[in-house]
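Tertiary structure, described
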Amino acid sequence: MTYIEKTVTALKEKFGDAIEQVAVFRGETTAWVKKEVVVEVLRFLKESPDLRYTFLADLTAYDDWPEEPRFKVAYQLREMTGPVNFRVTCAVHGDDAELPTATGVHLNANWHEREVFDMFGIKFVGHPDLRRILMPADWGGHPLRKDYPLGYEEVEFTFNFDEIEKKKPYAKE
Amino acid sequence: MGLEQKLGNMGVVTTTLETAVNWGRTNAMWPMLFGLACCAIEMISTVMPNNDLSRFGMELMRASPRQSDLMIVAGRVSRKMAPVLRRLYDQMPDPKWVIAMGDCAACGGVFNNYAIVQGVDEVVPVDVYVAGCPPRPEALMHGILTLHEKVKKEKIKDWA
Amino acid sequence: MTAEAEHQLLEATVDELKHLFSPRAETGETMVLNMGPQHPSTHGVLRLIVELDGEIIVNAVPDIGYLHTGVEKNMEAKTFLKALVMTDRLDYLNTMGNNLVYCLAIEKLMDVHVPPRAQTIRVILAELQRIASHLVWLGTHSADIASQSVLFYCFRERERIMDICEMVSGQRMMTSYIRPGGLWRDVPAGFEEAVRDFLNYLPAKLDDYEALLSRNPIWLDRTQGIGVIDGETALAWGITGPSLRGSGVNFDVRKAMPYGGYEQYEFDVPLGQNGDVYDRYLCRMQEFRQSIRIIDQALGKLPKGLVMTDNRKVAPPPRSELGTSMEALIHHFKLWTEGFSAPKGEVYVATESPRGELGVFLAGNGGPRPHRVHFRTPSFVNLQALPLMSKDHFVADVVGIIGSIDIVLGDVDR
């Protein structure tokens, strides 16, 4: 039995229905879990003696608006001796965008969760210092959501040059 | 002119006050260390021996805005950095000039989105724009020499 | 921004940060100082808010985001090929490495095979970028600590690498030469000779720099025992790259999860012992020589053939075919107007940048634009451990520690 198969069997045994689906795409395995148990899954994968997924390589999210559940948060885990890569993803609804924090299990989830909060607005309950990290502290909105506009400035051609020049804020001395 | 002929070989030269002051300003214009992103690496390359900026008197990049004349905004200015940029510009004593180096400082460059100020002239008044992504060291030197030309043409009524 | 609005912004920040500092800061026993975004030694726009007891650091809180460019959102609005241009500008000292990791992710998502000549040239260019990035690290790190002459020497060597990049792609830094499916075009004649000349020239210079620094008493004083972090803690904080290997943990993505042909080359992975600034310096100096070894082997086995995959759904046909073949014209038209479409699914690809593990999480949604591109950048993760490494050190040591972690702010803020 390969390491990944061992992992999937152990997960299904311990968590049963909370593991909604296990998908394999281009050689990578992803386990879709319910958001209530995601931190226990991470802890189990890290501390269980024959599944040592001790390294959190990446914690990110993506937005599928207007489909619900809207946000999908992906935890990229790695077992260092193989190394074996495994991904745990959980789906989060837009109106109830909260997840328990993973900083108790993996220390480096700290800034990753702050970035996901800043960019998507998903709150991590229990995070020691949840505030904006990349945008200014008083910024409104969460930029990487699909319903947040890109905020681009129209390109100036000769036909609309004067209108755009009037609106552009130039600095005074 | 007549004075020089009368004084002969005494090592005296006559010129206008404008020329003298402008010559002094251009020959030792000290840039402020304001490298933000990729253009900063090309700015450092311009100071390095291959493309020596020290021949124009500008090798000494002053970290403190109070001691510098020229602010080369090298790199993209994000919305979080814009108030800091304005504050540093305000701390520089007159006379001061600004070169917007690179496409991101001149017009927002490749990045046309919520996070980047579309052209640093929304924040500080710019004298010379240098295009390129990043501009070659030779292009930056051409921009600096263009600024020198501009300064040499300044008149007394601009600064007195 | 008006003066009042700016003042309000500062007030909010100070209040919010009270929980990060010890109670001694409120009584005034320790000072809270700002090592602002514009500082000669912070390698870019990093703001550190340090709490000082005299000159000893009690806590150092990094405040980042001053170079946030919104690359990830901007790439969602462009097709895959047009978004490639933005990847150069993330970690601007390792431009070809960023292109490479993004292209590897697209190739994995689209299941495209890259011809062996393209793979070998990619390895050569990635290792040249590693040497160039380490030269900038060596120059700026030693300028911060001990000697400015090494800064001048390192940039002189870097100019030769820039000349090679310009020969290959026309641009010194932001090349966008590595495209999905292979390379933009074949290397010109004279490329191999230029690289061989450079490889013959560099080792003697590296010996010079090591002679200047490695046994220099000032250097040893300022780097040994500073910024110590042990292997277990480093792994727990997600640190990768030479910062991790300096603490003795043997993990290099090129050996552990080889990509793009790295399994064919023989090279060693240098390890340190104590996890201090000096060991990280020694690791990187050894990495120079290992990169030279890899480029040497790659040049020796450079195969002939195509440099771009012949899967016409992904890669454009050569221009010579456009005049004669109707399918080539249609493929060219479709690729330039609409772009190729990726299937629905997510992939994560990791590579070894000079700073650590650079990974891309790419999600497609069936359309020609990426649904989500996330860059797992090494500097962002490595910087989290800065407060830990700089506790109980002097302010002057923080400068050395930041240099030894080798952060690039474009990488941190994206």
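The notes below deal with the structure included here. In this text, all values refer to a predicted model and were calculated from it rather than measured experimentally.

Counting secondary structure elements, chain A contains four helices and seven strands. Overall, chain A shows an N-to-C arrangement of helices and strands of α-β-β-α-β-β-β-β-α-β-α. Taking 16 Å as the expected radius of gyration for a compact globule of 173 residues, we find that chain A reaches 21 Å, considerably beyond that expectation. When the backbone C-alpha atoms are referred to their principal axes, chain A occupies close to 70 × 35 × 35 Å. When burial is assessed residue by residue, chain A has 33% of its 173 residues classed as buried.

When its secondary structure is counted, chain B shows seven helices and four strands. When the helices and strands of chain B are listed from N to C terminus, the series reads α-α-β-α-β-α-β-α-β-α-α. Along the longest, intermediate and shortest principal axes, the C-alpha atoms of chain B span 65 × 35 × 25 Å. The buried share of chain B, taken over its 160 residues, is 47%. Looking at chain B alone, contacts between residues at least 24 apart form 77% of all its contacts between residues at least 6 apart.

You'll often see interface size given as the accessible area lost when the parts meet. Contacts between the two partners involve 29 residues from chain A and, on the opposite side, 40 residues from chain C. Counting only elements with at least two residues in the side of chain A that touches chain C, the list comes to β3 (55-63), β4 (71-79) and α3 (109-120) of chain A. Ranked by residues supplied to the side of chain A that touches chain C, first place goes to β3 of chain A with six residues. Partitioning the side of chain A that touches chain C into residue classes produces 17 nonpolar, five polar and seven charged.

Here we take up the environment of Met61 of chain B. All names here are of chain B. Its location among the elements puts Met61 in the loop between α3 (38-47) and β2 (70-74). Here Met61 falls in the partly exposed class, since 19 other C-beta atoms lie within 10 Å of it. Each C-alpha atom of the pair Met61 and Ile44 lies 9.8 Å from the other, and the pair is 17 residues apart in sequence. Beyond its immediate stretch of four places on either side in the chain, Met61 contacts Pro31, Leu33 and Val47.

A few words on the packing of helix α13 (residues 277-300) of chain C against helix α17 (residues 395-405) of chain C. Residues and elements named next belong to chain C. As a packed pair, α13 and α17 sit with axes 10 Å apart at the nearest point and diverge in direction by 30°. The angle between the axes of α13 and α17 places the two elements in the roughly parallel class. Seen along the crossing, α13 lies across α17 with a hand that is left-handed. Seen from α13, the contacting residues are Val277, Arg280 and Tyr281; seen from α17, they are Gly400, Ile401 and Ser404. Here the residues of the contact of α13 with α17 are counted per class, giving three nonpolar, two polar and one charged.

For the rest of this paragraph, the subject is the environment of Leu322 of chain C. Residues and elements named next belong to chain C. Relative to the helices and strands, Leu322 resides in the loop between α13 and α14 (326-337). Once the C-alpha coordinates of Leu322 and Ile106 are considered, the two residues, 216 residues apart in sequence, prove to be 25 Å apart. Sequence-distant contacts of Leu322, defined by excluding residues within four places in its chain, comprise Pro317, Ala328, Leu329 and His332.

The subject of this paragraph is the environment of Val117 of chain B. All names here are of chain B. Positionally, Val117 belongs in the loop between α5 (103-107) and β4 (128-130). In this structure the C-alpha to C-alpha distance between Val117 and Pro65, which are 52 residues apart in sequence, comes to 22 Å. If sequence neighbours within four positions are ignored, Val117 has contacts with Val77, Arg79, Ala82, Glu122 and Val123.

We now examine the packing of helix α7 (residues 149-169) of chain C against helix α8 (residues 191-213) of chain C. Residue and element names in this part refer to chain C. The N-to-C vectors of α7 and α8 enclose an angle of 165°; their axes lie 11 Å apart at closest approach. With respect to their mutual orientation, α7 and α8 come out roughly antiparallel. In this structure, the crossing between α7 and α8 has a hand that is left-handed. Seen from α7, the contacting residues are Val150, Tyr153, Glu157, Arg160, Ile164, Met167 and Val168; seen from α8, they are Phe191, Ala194, Val195, Phe198, Leu202, Lys205, Tyr209, Leu212 and Leu213. Tallied by class, the residues present in the contact of α7 with α8 amount to 13 nonpolar, no polar and three charged.

Our next topic: the sheet that holds strand β6 (residues 345-353) of chain C. Residues and elements named next belong to chain C. Read across the sheet, three strands follow the order β6-β7-β8 without closing on themselves; strand pairing throughout is antiparallel. Each having just a single partner strand, β6 and β8 (372-376) make up the two edges of the open sheet. Direction aside, neighbouring strands of the sheet carry axes that sit 15° apart on average. Helix-sheet contacts for helix α5 (residues 95-110) involve β6 and β7 (356-364), and the interaxial angle to β6 is about 150°.

Each side of the interface is counted separately: chain A has eleven residues, and chain B has twelve residues. Per-class residue counts for the side of chain A that touches chain B are eight nonpolar, one polar and two charged.

We now examine the pairing of β6 of chain C. It is a general feature of regular strands that their side chains alternate between the two faces of the sheet. Residue and element names in this part refer to chain C. In terms of residue burial, β6 counts as a mostly covered element, since eight of its nine residues are buried. Pairing geometry for β6 and β7, over nine bridges, is antiparallel. When the sheet's bridge partners are listed, Val347 is paired in β7 with Leu362. If you look at the hairpin formed by β6 and β7, you'll find two residues sitting between the two strands.

In this section: the sheet that holds strand β2 (residues 47-53) of chain C. Residues and elements named next belong to chain C. What the three strands build is an open sheet, ordered β1-β2-β3; its pairing is antiparallel. At either margin of the open sheet sits one strand with a lone partner, and together these are β1 (31-35) and β3 (56-63). Across the sheet, the mean angle from the axis of one strand to that of its neighbour is 25°, orientation sign disregarded. As defined by bridge partners, β1 adjoins β2 across five bridges and the pair is classed as antiparallel.

The next thing to look at is α5 of chain C. All names here are of chain C. Helix length check: α5, at 16 residues, gives a terminal C-alpha distance of 23 Å against a target of 22 Å (1.5 Å per residue), a fit within 8%. In terms of burial, α5 is a largely internal element, 16 of the 16 residues being buried. At the exit of α5 stands Asp111, carrying a positive phi of roughly 60°.

Thresholds applied
- Residue numbering note: each chain is counted from 1, following its sequence as written.
- As a convention, the first chain written is A and the first ligand written is 1, with the rest following in written order.
- The predicted origin of the model limits local features to residues at a pLDDT of at least 70 and limits the giving and counting of side-chain atom pairs to 80 or more, whereas totals for whole chains, interfaces and linings rest on all residues.
- The helix and strand labels rest on DSSP assignments: H or I over at least four residues marks a helix, E over at least two residues marks a strand, and numbering proceeds from the N terminus.
- Within these notes, the globule rule equals 2.2 Å times the number of residues to the 0.38 power, and the radius of gyration is based on C-alpha atoms.
- Comment: burial labels come from other C-beta atoms within 10 Å of the residue's own C-beta, placed from the backbone, where a count of 20 or more is buried, 12 or fewer is exposed, and between is partly exposed.
- C-beta atoms are first placed from the backbone for all residues, and any pair lying within 7 Å is then listed as a contact.
- In the scheme used here, Gly and all other residues not listed as nonpolar or charged are polar, with Ala, Val, Leu, Ile, Met, Phe, Trp, Tyr, Cys and Pro taken as nonpolar and Asp, Glu, Lys and Arg as charged.
- Where helices are involved, their axes are fitted lines through C-alpha atoms of the stretch in contact, as for all axes, and angles between N-to-C directions lie from 0 to 180°.
- The scheme is simple: roughly parallel for angles under 35 degrees, roughly antiparallel for over 145, roughly perpendicular for 65 to 115, oblique for anything else.
- In this scheme, a crossing is called left-handed if the near helix is turned counterclockwise away from the far one by less than a right angle; it is called right-handed if the turn is clockwise.
- DSSP calls a pair of strands paired once it identifies at least 2 bridges connecting them.
- Helix span, expected: 1.5 Å multiplied by one less than the number of residues in the helix.

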